[in-house]
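Residues per chain are reported as follows:
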Amino acid sequence: MRFRGSWAATTIGSVGLSFVLVACSGGAAQAPGTVTVTVNPPAASAGASSGAKPTASSTAKPTTTATTPPAPKTFALGLGSFGGLKLPATPAAVLAAAKPLLGDPTKKVEGPGCELAGPGRTSILLKWGDISAYGEAGPGEALKIDSWSVVGKATLVPVALPFGTSIGMSRTLLAKALTSETVDDSHMFAEGDILMQNDTWWSLNKANTSVVTISHKPHVCE
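Now for a quick tour of the structure.

Definitions and cut-offs
Residues numbered from 1 in each chain as written. Predicted model: local features only at pLDDT ≥ 70, side-chain atom pairs only at ≥ 80, totals over all residues. Heavy atoms only, no water. Pairing = 2+ DSSP bridges. Helix = DSSP H or I, 4+ residues; strand = E, 2+ residues; numbered from the N terminus. Axes fitted to C-alpha atoms, helices over the stretch in contact; angles between N-to-C directions. Contact = heavy atoms within 4.5 Å. Buried < 20%, exposed > 50% of the residue type's maximum accessible area, 1.4 Å probe, protein only. Core = buried A, V, L, I, M, F, W, Y, C linked by side-chain atoms within 4.5 Å. Phe/Tyr/Trp six-rings, centres within 6.5 Å; stacked < 30°, edge-to-face > 60°.

**Quick word on the sheet that holds strand β12 (residues 147-150)**
Part 1: If you trace the 8 strands from one edge of the open sheet to the other, you get β9-β10-β11-β12-β17-β16-β15-β14, paired in antiparallel fashion. A single partner strand is all that each edge strand has here, and the edge strands are β9 (107-112) and β14 (182-184). Strand after strand, the sheet turns through a mean of 20° between neighbouring axes, direction not considered.
Part 2: Bridge analysis of β9 against strand β10 (residues 122-128) gives 6 bridges, and the strand direction is antiparallel. Within the sheet, the bridge partner assigned to P112 lies in β10 and is T122.
Part 3: Strands in contact with helix α2 (residues 91-102) are β10 and β11 (131-137); relative to β10, the strand with the most contacts, it is inclined by about 5°.

**Side note on the pairing of β10**
Part 1: Counting buried residues in β10 gives 6 out of 7 residues, a clear majority hidden from the surface.
Part 2: In this structure, β10 lies alongside β11, joined through 7 bridges in antiparallel fashion. Note that in β11 the partner of S123 across the bridge is E136.

**A closer look at the nonpolar core**
Part 1: Of all hydrophobic cores here, the largest spans 27 residues; its most connected members are L77, F82, V94, W128, W148, L174 and V211.
Part 2: Looking at this core, the elements with two or more residues in it are β6 (75-78), α2, β10, β11, β12, β16 (200-204) and β17 (211-216).
Part 3: Not counting the four nearest positions on each side in its chain, V94 is found in contact with F82, L85, L87, A89, L126, W128, A133 and I145.

**Re the packing of aromatic side chains**
Part 1: For the coordinates displayed, the defined rule picks out 4 aromatic pairs.
Part 2: Ring geometry for F163 against W202: centres 6.2 Å apart, planes inclined by 45°, an arrangement best described as tilted. Note that F163 is positioned in the loop between β13 (159-160) and α3 (171-177) and W202 in strand β16, a separation of 39 residues in sequence.
Part 3: Each member of the aromatic cluster is reached from another via a ring pair, and the members are F75, F82 and W128.

Below you can see the structure in the form of structure tokens.
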């Protein structure tokens, strides 16, 4: 069996000082005379008269604004779509849809299709890390891609999957996300059970506790 396509200074005023001087002449006391001496304070500086403290010159440091890198965009894998492209589609169209976020594929394989489906069949497999797209065609048919799968978390950008499901999701949460699934517990095509809905398979690990693979319209060749 094969499963194919697998961020202050103070101002001082005038101060009047009065001094009383007593002079002695011929031993006779004279009436005291009063002499007034006026002392003027030094002129206040411009800074002192204004009452402002001197300010030390300084060089302003340039301010920097922290920037947050934009969040990576999400590559959508939908029910019958690949990165927003409706399937089935030609390999060229699939490559163009994947290019902006996924870039060029990490693997591209063209070859025969499933021999059990008949002679002269051709196939193509495109991979971007843990994301793949697959398609087959019979003799005289145009080769188109109609299937995708995710087999792990090694993706260049986050991946959006049907019904908000994800790789590693527990079986309990998966069962809550799906509404009309059927369960294949034969373990013929996976180590654990497979929950199926809308032509999509959620394959569980051997312990049947978490999702290890999500595939849309998988091509199975026994």
